Amino acid sequence: MINIVLFGKPGAGKGTQAQFLKEKYNLTHISTGDVFRYNLSNNTELGQLAKTYMESGELVPDSLTIKMLEDEVDNHPNTSGFLFDGFPRTIAQAEALDKFLVKKGWEVTATIGLEANDDVLVQRILERGKTSGRVDDQDEAKIRTRYAEYNQKTSPLINYYSNQNKYYPIDGIGTIACITSRLSEVIDQL
Ligand code: AMP
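Residues numbered from 1 in each chain as written. Predicted model: local features only at pLDDT ≥ 70, side-chain atom pairs only at ≥ 80, totals over all residues. Heavy atoms only, no water.

Draft legend 1. Up close: the side chain of Arg134. Within the secondary structure, Arg134 is located in the loop between helix 6 (118-132) and helix 7 (140-154). Side-chain polar atoms of Arg134 contact the side chain of Asp136, separated by 3.0 Å. Leave out the neighbours within four places in its chain, and Arg134 touches Arg37, Arg128 and Arg146. (Helix = DSSP H or I, 4+ residues; strand = E, 2+ residues; numbered from the N terminus. Polar contact = N/O pair within 3.5 Å; in protein donor to acceptor, adjacent residues only side chain to side chain. Contact = heavy atoms within 4.5 Å.)

The following block contains the structure:
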């Protein structure tokens, strides 16, 4: 069982890399952003609750997000490991994940951070917004809100995982293949 947290700011390439890593390492990929978007487009109760936060670029409240993540994990009891993409994003989420996995005899094996400069990332998101159809990708003010949320609520996780000797930063700038191989180097050593 290996459980990897793919960490990074919006636009860092977590979703792109997850597509390769889940195949290569046979991991169950859980993207909380994708699950929320699915619920939003199907107008479920969860989607309705998450809508205003997502559309403004704010984080969805922890209680909703943690419950949703736990349900997703519970749906895959026989997996050989998870690839968490976009979760945890707050200390409360990280603590809840630790507790939840421990109850199952599991743990977070490693958190790998895709590091990149903000200006490069904002440009990448605006570019993605031309085709992704995501309202939160199309407006620079919303993108700035997402970065503010990251800086305030998510960046403390670097210390949280570093203190557990589980944080592995890698350079997130380069070709997709190049970054996949940097990630693989870390995972192969776990
Ligand atoms: P993402 O696709 O990961 O950029 O997520 C898109 C949006 O979904 C975020 O801006 C949040 O509104 C919401 N979201 C995704 N993951 C989380 C999370 N772990 N905690 C709170 N909100 C989240």
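Now that the structure has been shown, we can carry on.
Draft legend 2. Geometry of the site of the ligand. Lining the immediate surroundings of the ligand are 16 residues, of which Thr32, Arg37, Glu58, Gly86 and Gln93 lie closest. A distance of 2.9 Å separates an oxygen atom of the ligand from a polar side-chain atom of Arg37. Backbone polar atom of Val60 to a nitrogen atom of the ligand: 3.0 Å apart, as the coordinates give it. Bound to the protein, the ligand loses 96% of the 480 Å² it would expose on its own. When residues in the shell around the ligand are grouped by element, the largest group, four residues, is from helix 2 (residues 32-41). In terms of residue class, the shell around the ligand is made up of five nonpolar, five polar and six charged. (Near = heavy atom within 4 Å. Areas by Shrake-Rupley, 256 points an atom, 1.4 Å probe, with all protein chains shown as cover. Nonpolar A, V, L, I, M, F, W, Y, C, P; charged D, E, K, R; others polar.)

Draft legend 3. View of the packing of aromatic side chains. Scanning the entire structure with this criterion turns up five aromatic pairs. A centroid spacing of 6.1 Å and a plane angle of 50° characterise the contact between Phe82 and Trp106, whose relative ring orientation is tilted. Of the two residues, Phe82 sits in strand 3 (residues 82-85) while Trp106 sits in the loop between helix 5 (91-103) and strand 4 (110-115), which places them 24 residues apart along the sequence. For the pair Phe82 and Trp106, a shared accessibility class is recorded, and that class is buried. By way of ring pairs, the aromatic residues Phe7, Tyr150 and Tyr167 are connected into one cluster. (Phe/Tyr/Trp six-rings, centres within 6.5 Å; stacked < 30°, edge-to-face > 60°. Buried < 20%, exposed > 50% of the residue type's maximum accessible area, 1.4 Å probe, protein only.)

Draft legend 4. Seen up close, the side chain of Thr90. Tracing the sequence through the fold places Thr90 in the loop between strand 3 and helix 5. Among the polar contacts made by the side chain of Thr90, one reaches the main-chain amide nitrogen of Gln93 at a distance of 3.0 Å. Other than its neighbours up to four places away in sequence, Thr90 contacts Leu59, Asp62, Lys153 and Leu157.

Read these as geometric descriptors, not functional statements.
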